[in-house]
Amino acid sequence: MSYLFPTYARWNVTVKEAKGTWITDENGTKYLDFVSGIAVCNLGHANEEIIQAVHDQLAKYWHTSNMFHQPIQEDVAKVLVENSDGDAVFFCNSGAEANEAAIKLARKHTGKSKIVTFLQSFHGRTFATMSATGQEKIQQGFGPLLQTFTYLPYNDAAALEELEDDVAAIMLEVVQGEGGVIPAQQEFIEKVAETCKRIGALLIIDEIQTGIGRTGKAFGYQHYGISPDIITSAKGLGNGLPVGAMIGKASLIEAFQAGSHGSTFGGNPIAMAAAKATLAKIFNDDFLKEVNEKSDYLVNKLNRIIGNHPLVKEIRGKGLLIGIECKKQAGAMIDQLREHHLLVIAAGPNVIRLIPPLTVSYEEIDKAIEIIDKAFSQQTAIAH
Ligand code: PLP
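Basis of the calculations
Residues numbered from 1 in each chain as written. Predicted model: local features only at pLDDT ≥ 70, side-chain atom pairs only at ≥ 80, totals over all residues. Heavy atoms only, no water. Phe/Tyr/Trp six-rings, centres within 6.5 Å; stacked < 30°, edge-to-face > 60°. Patch = residues over 30% accessible without salt bridge, like charges linked within 9 Å, V, L, I, M, F, W, Y side chains within 5 Å. Areas by Shrake-Rupley, 256 points an atom, 1.4 Å probe, with all protein chains shown as cover. Salt bridge = Lys/Arg side-chain N within 4 Å of Asp/Glu carboxyl O. Helix = DSSP H or I, 4+ residues; strand = E, 2+ residues; numbered from the N terminus. 1 Å grid on protein atoms, 1.4 Å probe; cavity = no way out; pocket = protein on both sides within 12 Å on 5 of 7 lines; lining within 4 Å. Points joined across faces, edges and corners; volume = space filled by probe spheres on them. Nonpolar A, V, L, I, M, F, W, Y, C, P; charged D, E, K, R; others polar. Expected span 1.5 Å × (residues − 1). Buried < 20%, exposed > 50% of the residue type's maximum accessible area, 1.4 Å probe, protein only. Arc of directions from axis to C-beta. Polar contact = N/O pair within 3.5 Å; in protein donor to acceptor, adjacent residues only side chain to side chain.

**Section: the packing of aromatic side chains**
- Scanning the entire structure with this criterion turns up 7 aromatic pairs.
- Here Phe219 and Tyr221 contribute two aromatic rings whose centre-to-centre distance is 6.4 Å and whose plane-to-plane angle is 20 degrees, an arrangement assigned as stacked.
- Site record: aromatic cluster; members linked through ring pairs are Phe118, Tyr154 and Phe188.

Next comes the structure, spelled out in structure tokens:
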């Protein structure tokens, strides 16, 4: 008997503790965690520097409300601004809330209501962000949705040509995460940016999964040489403490005045302490270089061991957001990997998503590769 709404298809693993890249269950079984709380614990579990920063803040104060000046919010905002194309930050508590803020800001600034998003996208579960999400399964049973969203095919530059100047914003992920680890093509992203200019729409990049070093850059859009008007962040920003942020360009600041938008817990000092410590580690060239090196190492090894496996269609991704697209549903293989004590998660029906902490060691990558090799070899044996 559970007292919770059954909104999650939970694994049969009960967490006792977690440290670094490892989760230990109630029976003492250790799992290699290539999920990271779904791209959240980018510095691993129970990171000492974050624990210290959070403890220090706990001892000072926890919550006073946004009626007060809180220098720690300014500190985190400054780092986000210095490492992105934005100029000002609004803090909230989750990815969906960051996207809500972006949608509201885009409407208020432009005076237009239509927002263009893409098929297979994922932007959240609140009413506006569910409406923005280009996946029917997320929306089923909740209609009528907000009517002002239009979904276009992803990576289809030609489809953008039909857009006219009634659009407030185009919003997208540079790697569709939940939709199947689908990286955007360079020419598509350039066309999106060019279309925004042509029709007077804002460019919103949803970096909730791709941000905070996950793809090997501070933010994923920085691979593409574009300059978004709004960037949304959450997940990895607090390394596990709930925090979201919307980062906008200077020209948008006056659309959000006192009373335009807010959140009781937004910019909570404990979450800010975690975010400050997280960013101090990740927004660093040497750290990001290592993420890219580990990504190359992992992807090369994956290609070597399962690139030609009869079940595997494609291995793709950016940085340490990697997808193995299978020729059939991925669920059984994900379960099998977990039985071998490697935790991975699906992205869409056919993709196995690997999102280890960015601090994963080469030994841990080798261990994961060994397990993947074993599980896929067993599948071959079953297939024959
Ligand atoms: N946007 C993207 C790209 C995401 O991957 C997610 C969560 O998976 C969200 C938005 C929603 O974030 P949250 O669950 O924190 O509301």
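Once the structure has been displayed, the description carries forward.
**Some words on a nonpolar patch on the surface**
- Side chains of Phe127, Phe142 and Leu146 sit close together on the surface and give an oily, nonpolar patch of about 290 Å² of accessible area.
- Relative to the assigned elements, Phe142 resides in the loop between helix H6 (136–139) and strand E6 (149–152).

**Quick word on the layout of surface pockets**
- Taken as a whole, the second largest pocket holds about 840 Å³ of empty space.
- In terms of lining, the second largest pocket is formed by 29 residues, of which the most central are Gln73, Val89, Phe90, Phe91 and Phe256.
- Sorting the residues of the lining of the second largest pocket by element identifies helix H3 (71–82), strand E4 (88–92) and strand E12 (244–248) as the ones contributing at least two each.
- It is E4 that provides the largest number of residues to the lining of the second largest pocket, a total of 4 residues.
- Tallied by class, the residues present in the lining of the second largest pocket amount to 13 nonpolar, 13 polar and 3 charged.

**So, helix H9 (residues 285–306)**
- Between its terminal C-alpha atoms H9 stretches 31 Å, which fits the 32 Å expected from 22 residues at 1.5 Å a residue.
- Taken as a whole, H9 has its buried residues at Phe287, Leu288, Val291, Lys294, Ser295, Leu298, Leu302 and Ile306. In an axial view of H9, the angular spread of the buried residues amounts to 115 degrees, which keeps them on one side of the axis. Turned more than 90 degrees away from the buried face of H9 sit Asp285, Asp286, Lys289 and Arg304, all of them exposed.
- With a side-chain oxygen lying 3.0 Å from the backbone nitrogen of Asp286, the N-terminal cap of H9 falls on Asn284.

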